[in-house]
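Architecture at a glance
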Amino acid sequence: MTEGGKTTSPKLSPAARAVKKWRRKRGALIMVLHEIQNQAGFVPRETAREIAEGMEVPLARVYEVLTFYNYFKLRPPGKAVISVCTGTACHLKGAPELVAELEKELEIGQGETTPDGLFHLQCVRCVGCCGLAPAISVNGKIYGKAAPSQVRQILAEWRAVFREEDVDD
Amino acid sequence: MTEPDLKKIAGEELARQGEKSARIACCASTGCLSSGSGEVMEALLEALSSHGLADKVEVVPTGCMGLCSHGPLLGLEIGGEDGFRFLYQEVNPLLTRLIVAEHLLPSLEAGGDFPVPEFLSSHLLPLDIPFFTRQEKVVLANAGRINPERIEEYIAAGGYRALEKILREKTPDAVIEEVARSGLRGRGGGGYPTGVKWRNTADSRGGEKFIICNGDEGDPGAYMDRSILEGDPHAVIEGMLIAGYAVGAQSGWFYIRAEYPLAVERVEKALKQARGRGLLGKNILGTDFSFDCRVRLGAGAFVCGEETALLASVEGKRGTPRPRPPYPSQSGLWDSPSCVNNVETLANVPAIIRQGAGWYAGMGTETSKGTKVFALTGKARYSGLIEVPMGTTLREIVEEIGGGSSSGRPLKAIQTGGPSGGVIPVSLLDTPVCYEKFQELGSIMGSGGMIVMDGADSMAEIAAFYLEFTVDESCGKCAPCRIGGKQMLDLLKKIAAGEGNARDLSQVRRLSEAMRRGSLCGLGQTAPNPVDSTLRYFEGEYLNLLKTDDD
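Residues numbered from 1 in each chain as written. Chains lettered and ligands numbered in written order. Predicted model: local features only at pLDDT ≥ 70, side-chain atom pairs only at ≥ 80, totals over all residues. Heavy atoms only, no water.

**Structural notes on the overall build of chain B**
Helix and strand counts for chain B stand at 23 helices and 13 strands. The C-alpha atoms of chain B give a radius of gyration of 24 Å, which matches the 24 Å a tight globule of 551 residues would have. Counting only C-alpha atoms, chain B reaches 80 × 65 × 40 Å along its principal axes. For chain B, buried positions account for 62% of its 551 residues. Of the accessible surface of chain B, which amounts to about 19800 Å², a share of 49% is contributed by carbon and sulfur atoms. (Helix = DSSP H or I, 4+ residues; strand = E, 2+ residues; numbered from the N terminus. Rg over C-alpha atoms; globule rule 2.2 N^0.38 Å. Buried < 20%, exposed > 50% of the residue type's maximum accessible area, 1.4 Å probe, protein only. Areas by Shrake-Rupley, 256 points an atom, 1.4 Å probe, with all protein chains shown as cover.)

**Quick notes on the domain arrangement of chain A**
Structurally, chain A comprises domain 1 (3-68) and domain 2 (80-168). Centre-to-centre separation of domain 1 of chain A and domain 2 of chain A, based on C-alpha positions: 31 Å. (Domains from an automatic or database assignment.)

**Remarks on the packing of aromatic side chains**
Under the defined criterion, the tally for this structure stands at 15 aromatic pairs over all chains. The interplanar angle of 40° and the centroid separation of 6.2 Å between the aromatic rings of W158 of chain A and F162 of chain A together place this pair among those described as tilted. Of this pair, W158 of chain A and F162 of chain A both sit in helix 7 (residues 151-168), 4 residues apart, which is roughly one turn of the helix. Exposure class is identical for W158 of chain A and F162 of chain A. Each is buried. One aromatic cluster is present, formed by F68, Y69, Y71 and F72 of chain A through successive ring pairs. Sitting over the face of the ring of W334 of chain B, R26 of chain A holds its NZ or CZ atom 4.7 Å from the ring centroid. Sitting over the ring of Y260 of chain B, R226 of chain B keeps its end group 5.8 Å from the ring centre. (Phe/Tyr/Trp six-rings, centres within 6.5 Å; stacked < 30°, edge-to-face > 60°. Lys NZ or Arg CZ within 6 Å of the ring centre and 35° of its normal.)

**Overview of the environment of S182 of chain B**
Residue and element names in this part refer to chain B. Relative to the assigned elements, S182 resides in helix 9 (residues 172-182). For S182, a relative accessible area of 0% puts it in the buried group. Discounting residues that sit within four places of it in the chain, S182 has contacts with I352, A357, Y360, A361 and K369. Polar side-chain contacts of S182 include one of 2.6 Å to the backbone oxygen of V179. (Contact = heavy atoms within 4.5 Å. Polar contact = N/O pair within 3.5 Å; in protein donor to acceptor, adjacent residues only side chain to side chain.)

**Quick notes on the sheet that holds strand 10 (residues 384-389) of chain B**
Residues and elements named next belong to chain B. What the 5 strands build is an open sheet, ordered 10-9-13-11-12; its pairing is mixed. Every other strand in the sheet has two partners, leaving strand 10 and strand 12 (422-425) as the edge strands with one partner each. Across the sheet, the axes of successive neighbouring strands diverge by a mean angle of 30°, strand direction being ignored. Sheet analysis places strand 9 (residues 371-378) next to strand 13 (residues 449-454), joined by 4 bridges and oriented parallel. Pairing of T377 across the sheet is with I451, part of strand 13. Across the face of the sheet, helix 17 (residues 394-401) comes into contact with strand 9, strand 10, strand 11 (411-416), strand 12 and strand 13 while running at roughly 140° to strand 10. (Pairing = 2+ DSSP bridges. Axes fitted to C-alpha atoms, helices over the stretch in contact; angles between N-to-C directions.)

**Quick word on the interface of chain A and chain B**
Listed per partner, the contact involves 34 residues of chain A and 54 residues of chain B. Carbon and sulfur atoms supply 58% of the area that chain A and chain B bury against each other, a total of about 3400 Å² over both sides. Here chain A and chain B share 2 salt bridges between them. For the pair chain A and chain B, the number of links is 19 residue pairs in polar contact (both at pLDDT 80 or more). Of all the elements in the fold, those that place two or more residues in the side of chain A that touches chain B are helix 2 (29-40), helix 4 (59-68) and helix 5 (88-92) of chain A. The element that contributes the greatest number of residues to the side of chain A that touches chain B is helix 4 of chain A, accounting for 5 residues. Among the residues making up the side of chain A that touches chain B, the classes are represented as 17 nonpolar, 10 polar and 7 charged. (Buried area = accessible area lost by both parts, 1.4 Å probe. Salt bridge = Lys/Arg side-chain N within 4 Å of Asp/Glu carboxyl O. Nonpolar A, V, L, I, M, F, W, Y, C, P; charged D, E, K, R; others polar.)

**A few points about the domain arrangement of chain B**
All names here are of chain B. The domains assigned to chain B are domain 1 (20-125), domain 2 (158-361), domain 3 (371-454) and domain 4 (459-545). Between the C-alpha centres of domain 3 and domain 4 there is a distance of 22 Å. Taken together, the contacts link 17 residues of domain 3 with 15 residues of domain 4. Across the domain 3/domain 4 interface, buried area totals approximately 1300 Å², and carbon plus sulfur atoms make up 63% of it. Summed over the shared surface of domain 3 and domain 4, the number is 1 salt bridge. If you look at where domain 3 meets domain 4, you find 8 residue pairs in polar contact (both at pLDDT 80 or more). By residue class, the composition of the side of domain 3 that touches domain 4 is 9 nonpolar, 6 polar and 2 charged.

Written out as structure tokens, the structure is:
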């Protein structure tokens, strides 16, 4: 299908696999980028280039899309991505205090990753758990009705998860 | 594919359900899963099998039951009664085991009325509170009752009968006529008459036509569409099928926020089941109508809720809006006639066809018909997802259904319509829910976020909060929105910090006017709403923050 008969090789790169699945479908570029981001947590430059070639679109088109949407990341995030919901309900019920506490505990700002690569802190618009405001989500696990006093415990919980993973390695 | 016999499927499903001596519904929507309903479900299954009840009692993972602030929720239906007689709140695995051992088991053994032990009854929600009794569920009728991952349950609840009815009895024209007579208007916020939109798309020339379901629910503080997609995906699919038949479209495209993974998963599962039953694909129900659906994901851009931006995004491009006309009904997705409808709008359609336009138009006010789903959040005692007939007053919603203030402080205002909406002060709580009334007051109906604010919330700060959102989400294409928003936000922050003066405030007003008139799309045109409406009703708060020249 693609030049050089790449598709016949048994082990395709993630980008090649996503391109193969989507290239004949309409409106596929964003879906391809989603597949990459879901696997790698971000879209590396090399992968973006591979996608551009495979989908036969200019690299600029790929970056135009990547940089427009908040969801796509160009750099690897930390192992644990902490998303503080800053939707209206959460804002009213103390999201700013949660952000301040996380910034203090992690010694980083919003959109930054801790030097050890463990935690990435970001603010997101409404995770849709307004009944549980204020909410924090860590790698998809949601902590509802969160209080600044719980922050340390949540961080400790995730540090423990990664310590166990290290031991497993 | 052999034609599916809906009556037979429904009959078999009802017979299967009838064999069970009890049904336990466990809310499996994002809200309750976040509060631990996954663990509750595991404990429930384990407890049932250890008591030998696994075959007698059916566990139903359902969509949103509504009262998210008190989740996880567990509903018990014992002995073939219709609807829950017991609804447990804030359930955990231990409580679940106790409910099975001390309530369910003895009830089944006693075979009649069984007094709930006191240590359990304190966890029961009274079902006669206005939160439950004052609602009118059309769109949410199935959410919280059926398992959204089983098409048989949707069919048993009367699902896909509306589709069958129109394919057998009605011309596309007659379907459009029926929807137009129902008075249904766009539930995404615009309030454009759905029948007119369908008519325009049907009248446009084009070999290929599209139905697009707008599930890019971006308003912070709103999660109606997510809950509908999670709780009753087949209703939306059936709505799309009916819309597709009416306007002459061959395919339907779901555009859903990537931040809603569970909704995406349930929709994809539902599509697969509908295809498997011959309800999507070629020659549906033995007619010459063919239609299928695809899913495309958003990627975190609020502006994509605007229909021309949304279409660009479905095509896989940057989601920037373009000037209209041409309207999507003339030239939309891939330049073909397209009809963009919101999730809740489409979910209303099967009920309208089943029960008739007259029935639907019988609910609501002169100009706003039917019901509306709201996400009631903020400082309300009972917060969650509610559905009320149009025309219900804000007072009924906030004071009765919402149970008043959760903080003990008196309430101050209600925010509706998200970043494009405004605040309505408590002095105007007797306003009925209606598109025009909300607009007169400087807010909008919006998609259905309703945020209750109390005396502790500063209006200037709230205005700055919303404006910061729209500034952040401005796509940057037109100058009034890109530059005006930023300048206005800087001024507002200055004022909120007590550093502004009277000149700054009048500059805010001028910028607001410029954005409103000069912006290309709805995002920029409505961005000043939160500022204007807080200024309109709470000008004193702003004035108190201003520095006088003597300072």
